[in-house]
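# Structural overview for review
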Amino acid sequence: MKRILIINTGGTIGMVKTKEGYKPDGKSFSNLLKSMDVLNAEGMPFWDLVELEKLLDSSNMTVAEWNKIGKLIADAYDNYDGFVVLHGTDTMAYTASALSFMLEHISKPVILTGSQIPLCEIRSDGRDNIITSLLIAASDIVHEVCIYFGGKLFRGNRAIKYSSEGLIAFVSPNYPVLAEAGISISYNRAYLREKDTEGFCYVPFENVPIGVIKVFPGIQFELFESIMTERLKGIVIETFGTGNIPGYDGALLPIIEKAFANGTIVTVCSQCPQGSVMLGEYETSMALKNAGAVSGLDITTEAAVAKLYYLFSKGYSTDKIKYLMGKNLCGEMKDDNDAADPEKLI
Ligand code: ASP
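Keep in mind it's a predicted model, so treat the numbers as computed, not measured.

### Re the pairing of strand β5 (residues 82-86)
- Buried residues dominate β5, accounting for five of its five residues.
- Across the two faces of β5 the burial is the same, with Gly-82, Val-84 and Leu-86 and Phe-83 and Val-85 all buried.
- One ladder, built from five bridges, connects strand β1 (residues 3-10) with β5; its direction is parallel. Looking at β5, one finds that Ile-6 is bridged to Val-84.
- Both β5 and strand β7 (residues 110-113) contribute to a ladder of four bridges, which runs parallel. Among the inter-strand pairings, Leu-86 is bridged to a residue of β7, identified as Thr-113.

Written out as C-alpha cells, the structure reads:
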C-alpha cells in the first residue's frame, strides 16, 4: 500500500467562521479528517498527517514557511511515496513554484490542494480536492510539484489563482492541464515530467530582497528610484503585452540602468496570463532589451519570484543568475531563450 504524508499548512480548507472572519482551526480540522471514513476506505493509500506549528491564512506565508514545508518533505522523503500539501488558495501558486525549485530533482509527487469552502461546511469543495489529491499522489504517474483543484491537475510552477470565488480557482494558461478528474482520472502523460534520476536535494531559500513592479498607464518611474538601491537583488517587471513599457522619453531607462549598475537582476514578465514576452518586438520593449533585462518568456510572476529566491539562495554569480532566469530549469517556462554559455558562468 502506498504511503502519503499530508502536510497541513492552513488555508480555507481547515478554517472555521469566527467574529473576526475565517481563521484556521487545526484541532477541529484534524479531528474532522480522521473522522472521514472515505479517507480510509479501500482503494485509498495509507496517510499520515503533520501540521505547521502555526496554521496560516496563506496571505501570511513567507520564505520561512516555504522552507519549513520543504524541510518536512525532505526529512520524510524516503519514508513516503508522495506528499499532499494542504494550503490556502491565495498564495498556493507561489508556494508550488517555490517547492518546484527548492526540491531539486524531485521524483515523487507533491500535490498542493485546498478549498474555497471550508471542509466543515456542507458545500465544501475540499472533500474531492483531498481525496483526489491523495489518489494522484499514490498513482505512481506524477513525479513533480503540482496543484490539484476543482477537478484539474496543474504543473505547480505554471498555475495561477484565477478566481476568488469559483470552485475551479486555478488555471495554467501557458501549459496544458496535466490531468482531469472525471469518471476516472485521465492523465495527459505527454506533458508530465519524466522521473528525475539525479539525486534529490532540498535547497532552503534565503530571504533575498526582491521586488515586483506592475506598470500602468501614467506610471511615474521616478517614484521607484528609491527602491532601486544596491540592496535590491532582483526585480520582476510586469509589463504590457509582449514586454512593453511606457516610453515617456526614456524615463524608465536611467532607473533600469541604475539597477544594472547595482547588479539587480531585472526580469520581464507579462500582465497577460497567456502568451510570451518578446523583448525588442516593439519599440516600447527595446529599451528593456538594450538595458540587459532578462525575458521571462511565458513564466508566471509567481514562478519568476520563486526562481529569483532560488537562484540567489544557490549563491550563483550575477551573470549566472541572469542566464538561468531566461532558461527553463524545471518546466516553469518554454525552452528558447538564447544567451551566453552556462559552462563559463560560476
Ligand atoms: N485566504 C485563504 C488562504 O489563502 C483563501 C483560501 O484558502 O481559499 O489561506
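### As for the nonpolar core
- Counting 57 residues, the largest nonpolar core has Ile-73, Val-110, Leu-112, Ile-147 and Phe-205 as its most contacted members.
- Of the residues forming this core, the biggest block, nine residues, is contributed by helix α7 (residues 301-313).
- Setting aside its immediate chain neighbours within four residues, Ile-73 contacts Ile-7, Phe-83, Val-85, Leu-103 and Val-110.

### Looking at the layout of surface pockets
- Quantified by volume, the second largest pocket comes out at close to 350 Å³.
- Surrounding the second largest pocket, 20 residues form its lining, Ser-100, His-105, Arg-193, Leu-329 and Cys-330 being those nearest its centre.
- For the lining of the second largest pocket, the secondary-structure elements that each account for two or more residues are α3 (92-102), β6 (103-104) and α7.
- Considering only residue class, the lining of the second largest pocket consists of 10 nonpolar, four polar and six charged.

### Topic: the packing of α3 against α7
- It is at 8 Å that the axes of α3 and α7 come closest, and there the two elements cross at 40°. It follows that α3 is oblique to α7 by the angle criterion. Like other packed secondary-structure pairs, α3 and α7 cross with a definite hand, here right-handed. Between α3 and α7, the residues in contact are Ala-93, Tyr-94, Ser-97, Ala-98, Phe-101 and Met-102 and Glu-302, Ala-303, Val-305, Ala-306, Lys-307 and Tyr-310, respectively.
- Split into classes, the residues belonging to the contact of α3 with α7 amount to nine nonpolar, one polar and two charged.

### Points about the pattern of salt bridges
- Going through the model one piece at a time under the given rule, you end up with 10 salt bridges.
- Across the pair Lys-23 and Glu-20 runs a salt bridge whose closest N-O atoms are separated by 2.8 Å.
- Under the relative-accessibility criterion, Lys-23 is labelled partly exposed at 36%.
- For Glu-20, a relative accessible area of 61% translates into the label exposed.
- A salt bridge links Lys-161 to Asp-90, with the shortest nitrogen-to-oxygen separation between them at 2.7 Å. Here the residue Lys-161 occupies a position in strand β10 (residues 160-161), and Asp-90 occupies one in the loop between β5 and α3, the gap between them amounting to 71 residues.
- Assessed through its relative accessible area of 25%, Lys-161 is described here as partly exposed.

### What about the sheet that holds strand β15 (residues 210-214)?
- Pairing is parallel in the open sheet, where four strands are placed in the order β15-β16-β17-β18. Of all the strands in the sheet, the pair left with one neighbour each is β15 and β18 (294-295).
- Bridging between β15 and strand β16 (residues 234-239) involves five bridges; their strand directions are parallel. Paired with Lys-214 across the two strands is Glu-238, which belongs to β16.

### Side note on the site of the ligand
- Close contacts around the ligand come from Gly-11, Thr-12, Met-15, Asp-57, Ser-58, Gly-88, Thr-89, Asp-90, Ser-115 and Gln-116, and that covers them all.
- Note that an oxygen atom of the ligand is positioned 2.9 Å from one of the side-chain N or O atoms of Thr-12.
- Contact between the ligand and Thr-89: an oxygen atom at 2.5 Å from a side-chain N or O atom of the residue.
- Protein contacts shield 91% of the accessible area of the ligand, which totals 270 Å² for the unbound molecule.
- Looking at the shell around the ligand, its residues break down into one nonpolar, seven polar and two charged.

### With respect to the sheet that holds strand β4 (residues 46-56)
- Reading across from one edge, β4-β1-β5-β7-β8-β9-β12-β13 is the order of the eight strands in this open sheet, with mixed pairing throughout. Each edge of the open sheet is held by one strand with a lone partner, namely β4 and β13 (185-187). With strand direction ignored, the average angle separating the axes of adjacent strands in the sheet is 20°.
- Its contacts with the sheet put helix α1 (residues 26-35) on β1, β4 and β5, and the angle it makes with β4 is roughly 170°.

### Description of the packing of aromatic side chains
- Under the counting rule described, the total for this entry stands at 10 aromatic pairs.
- Taking the centre distance of 6.5 Å and the plane angle of 10° together, the rings of Tyr-77 and Phe-83 count as stacked. Taken individually, Tyr-77 and Phe-83 each receive the classification buried, so the pair is uniform in this respect.
- Centre to centre, the rings of Phe-101 and Tyr-310 are 5.5 Å apart; their planes meet at 25°, and the pair counts as stacked. Pair noted here: Phe-101 is in helix α3 and Tyr-310 is in helix α7, with a separation of 209 residues, a long-range link.
- The exposure class of Phe-101 is buried, given its relative accessible area of 2%.
- Each member of the aromatic cluster is reached from another via a ring pair, and the members are Trp-66, Phe-101, Phe-205, Tyr-309 and Tyr-310.
- Against the face of Tyr-77 rests Lys-108, its NZ or CZ located 4.8 Å from the ring centre.

The rules behind these values
- Residues numbered from 1 in each chain as written.
- Predicted model: local features only at pLDDT ≥ 70, side-chain atom pairs only at ≥ 80, totals over all residues.
- Heavy atoms only, no water.
- Buried < 20%, exposed > 50% of the residue type's maximum accessible area, 1.4 Å probe, protein only.
- Helix = DSSP H or I, 4+ residues; strand = E, 2+ residues; numbered from the N terminus.
- Pairing = 2+ DSSP bridges.
- Core = buried A, V, L, I, M, F, W, Y, C linked by side-chain atoms within 4.5 Å.
- Contact = heavy atoms within 4.5 Å.
- 1 Å grid on protein atoms, 1.4 Å probe; cavity = no way out; pocket = protein on both sides within 12 Å on 5 of 7 lines; lining within 4 Å.
- Points joined across faces, edges and corners; volume = space filled by probe spheres on them.
- Nonpolar A, V, L, I, M, F, W, Y, C, P; charged D, E, K, R; others polar.
- Axes fitted to C-alpha atoms, helices over the stretch in contact; angles between N-to-C directions.
- Parallel < 35°, antiparallel > 145°, perpendicular 65-115°, else oblique.
- Left-handed = near helix turned anticlockwise from the far one by under 90°.
- Salt bridge = Lys/Arg side-chain N within 4 Å of Asp/Glu carboxyl O.
- Near = heavy atom within 4 Å.
- Polar contact = N/O pair within 3.5 Å; in protein donor to acceptor, adjacent residues only side chain to side chain.
- Areas by Shrake-Rupley, 256 points an atom, 1.4 Å probe, with all protein chains shown as cover.
- Phe/Tyr/Trp six-rings, centres within 6.5 Å; stacked < 30°, edge-to-face > 60°.
- Lys NZ or Arg CZ within 6 Å of the ring centre and 35° of its normal.

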